Amino acid sequence: MIADSSTWLPAVPAFLTASAVCGLAVPLSIVLARRAGAVAVPDDERHLHGRPTPRLGGIAMFLGFAVALSIFGSSIAYRWQVVAVCAAITLAMALDDILDLPWQLKLAVELGAGVLTALLGMTITFIAIPGVHGAAVWQLGWLAAPITVVWVLGMQISVNLLDGADGVAAGVVGIVAGVCLLAAINRVVTPGDVQT
C-alpha cells in the first residue's frame, strides 16, 4: 500500500525537475556524442541497435539527478558527496564511451568509486531480512564498508551490462529509481521524515 499522498507530494517537484533537465540534456548529449565519436555501431556481440547510436546518455541522466538533488536535497546529509561521486563515475564512463577503455581499467574505476563512497562515510550499515513476524534487522558493523563497495561496484557493472540496446539501461534505472522512491515513501511516518 502506498503511503498517504501528503508524504510523497514533496517528491513531485524534484521528479519533474530531474525529468525536465534530463529531457533537455539528451539532445545535447547526442550532438556531443556524434562530435566526439562516441557512437555504438551495431554488432553481433553487444550493440543490438538497428543503426549507429550515440552514447553519452549518462551525462543527461547525471545532470537531471544532480540539478534536482542540488535544488531539493538540502535535508540530505551527504548531498554534495553523492553529487561528487556520481560526477566522477559519469566522467569516467563518458571517457569509456569515447575511448572504449579496457575492461580492467573500467573495473578499477568502478571499484574506486565504491571505495570513495565508503571513505566519504556513505555506507550500508544494516540490512533488513523480511520474515513472517516482521523484518529482522542485521547491523553490519565492520562489514558495512566492504558491502557498500561491492554494492556500488555491482550496480555499475549491472548497468554497463544492460547498455547494449538503446534505452534499456535508462529504462531499468528508471524502474529501480521508482521502486526506491516507493520504498522511501512508505517508510515516511511524519511529514518531516527524510529518506536518504
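Residues numbered from 1 in each chain as written. Predicted model: local features only at pLDDT ≥ 70, side-chain atom pairs only at ≥ 80, totals over all residues. Heavy atoms only, no water.

Student: What's the story with the confidence of the model for the protein chain in this structure? I'm lost.
Tutor: In regions of low pLDDT, the predicted coordinates are not meant to be interpreted in detail. Residues of the protein chain with pLDDT of at least 70 account for 82%, and the chain-wide mean is 81. At the low end of the mean pLDDT range in the protein chain sits helix α1 (residues 5-8), at 61; at the high end sits helix α5 (residues 103-119), at 91. (pLDDT = per-residue confidence, 0-100. Helix = DSSP H or I, 4+ residues; strand = E, 2+ residues; numbered from the N terminus.)

Student: Help me out: how do you make sense of the packing of α5 against helix α6 (residues 144-162) in this one?
Tutor: Angle between the axes and distance between the axes are the two parameters that describe a pair of packed helices. As a packed pair, α5 and α6 sit with axes 8 Å apart at the nearest point and diverge in direction by 140°. The angle between α5 and α6 falls in the class oblique. Where α5 crosses over α6, the two elements pack in a sense that is right-handed. Contact residues: Leu107, Glu110, Leu111, Ala113, Gly114, Val115, Thr117 and Ala118 in α5; Ala145, Thr148, Val149, Val152, Leu153, Gln156, Ile157 and Asn160 in α6. Along the lines of polarity and charge, the residues of the contact of α5 with α6 split into 10 nonpolar, 5 polar and 1 charged. (Axes fitted to C-alpha atoms, helices over the stretch in contact; angles between N-to-C directions. Parallel < 35°, antiparallel > 145°, perpendicular 65-115°, else oblique. Left-handed = near helix turned anticlockwise from the far one by under 90°. Contact = heavy atoms within 4.5 Å. Nonpolar A, V, L, I, M, F, W, Y, C, P; charged D, E, K, R; others polar.)

Student: I keep staring at the pairing of strand β3 (residues 126-129) and nothing clicks. Help me out?
Tutor: Here is the key point about a regular strand: its side chains alternate between the two faces of the sheet. In this structure, β3 lies alongside strand β4 (residues 136-139), joined through 4 bridges in antiparallel fashion. Looking at the pairing, phenylalanine 126 lines up with glutamine 139 of β4. In sequence, β3 turns back onto β4 through a hairpin of 6 residues, with glycine 134 there showing a positive phi of about 105°. (Pairing = 2+ DSSP bridges.)

Student: Quick question: what am I supposed to make of the nonpolar core here?
Tutor: Side chains of a nonpolar character, in soluble globular proteins, are inclined to be buried together. Val85, Ile89, Ala92, Met93, Ala113 and Met122 form the largest nonpolar core, which has 6 residues in total. Sorting elements by how many residues they give to this core places helix α4 (residues 79-99) first, with 4 residues. Residue contacts for methionine 93: discarding those within four places in its chain leaves Lys106, Val109, Glu110 and Asn160. (Core = buried A, V, L, I, M, F, W, Y, C linked by side-chain atoms within 4.5 Å. Buried < 20%, exposed > 50% of the residue type's maximum accessible area, 1.4 Å probe, protein only.)

Student: Just to check I follow, could you spell out the packing of α4 against α5 for this structure?
Tutor: With their axes 10 Å apart at the nearest point, α4 and α5 run at an angle of 175° to one another. Here α4 lies roughly antiparallel to α5, going by the angle between them. Taken together, the residues of α5 that come into contact with α4 (itself represented by Val85, Ile89, Ala92, Met93 and Asp96) are Lys106, Val109, Glu110, Ala113, Leu116 and Thr117. When grouped by side-chain class, the residues that make up the contact of α4 with α5 number 7 nonpolar, 1 polar and 3 charged.

Student: Is there a simple way to think about α4 in this case?
Tutor: Helical geometry: 3.6 residues make up each α-helical turn, so side chains three or four residues apart lie on a common side. Its 21 residues give α4 an end-to-end C-alpha distance of 30 Å, which sits within 8% of 30 Å, the value for a rise of 1.5 Å per residue. All of the buried residues in α4 are Arg79, Val83, Val85, Ile89, Thr90, Ala92, Met93, Ala94, Asp96 and Asp97. Packed against the buried residues of α4 are α3 (57-72), α5 and α6. (Expected span 1.5 Å × (residues − 1).)

Student: Can you help me understand the environment of valine 21 in this one?
Tutor: Note on placement: valine 21 falls in helix α2 (residues 11-36). The exposure class of valine 21 is partly exposed, given its relative accessible area of 22%. With sequence-adjacent residues up to four places away left out, valine 21 is seen in contact with Leu63, Gly64 and Val67.

Student: I keep staring at the pattern of salt bridges and nothing clicks. Help me out?
Tutor: Within this structure, the stated rule accounts for 1 salt bridge. In this structure, aspartate 96 engages lysine 106 in a salt bridge whose closest nitrogen and oxygen atoms are separated by 3.4 Å. Here aspartate 96 is found in helix α4, whereas its partner lysine 106 is found in helix α5, with 10 residues between them in sequence. A relative accessible area of 8% means that aspartate 96 is categorised as buried. (Salt bridge = Lys/Arg side-chain N within 4 Å of Asp/Glu carboxyl O.)

Student: Explanation requested: α3 in the structure shown.
Tutor: In this model α3 runs 23 Å from its N-terminal to its C-terminal C-alpha over 16 residues, within 8% of the 22 Å that 1.5 Å per residue would give. Taken together, the buried positions of α3 are Ala60, Phe62, Gly64, Ala66, Ala68 and Leu69. Those residues of α3 that are buried lie in contact with α2 and α4.

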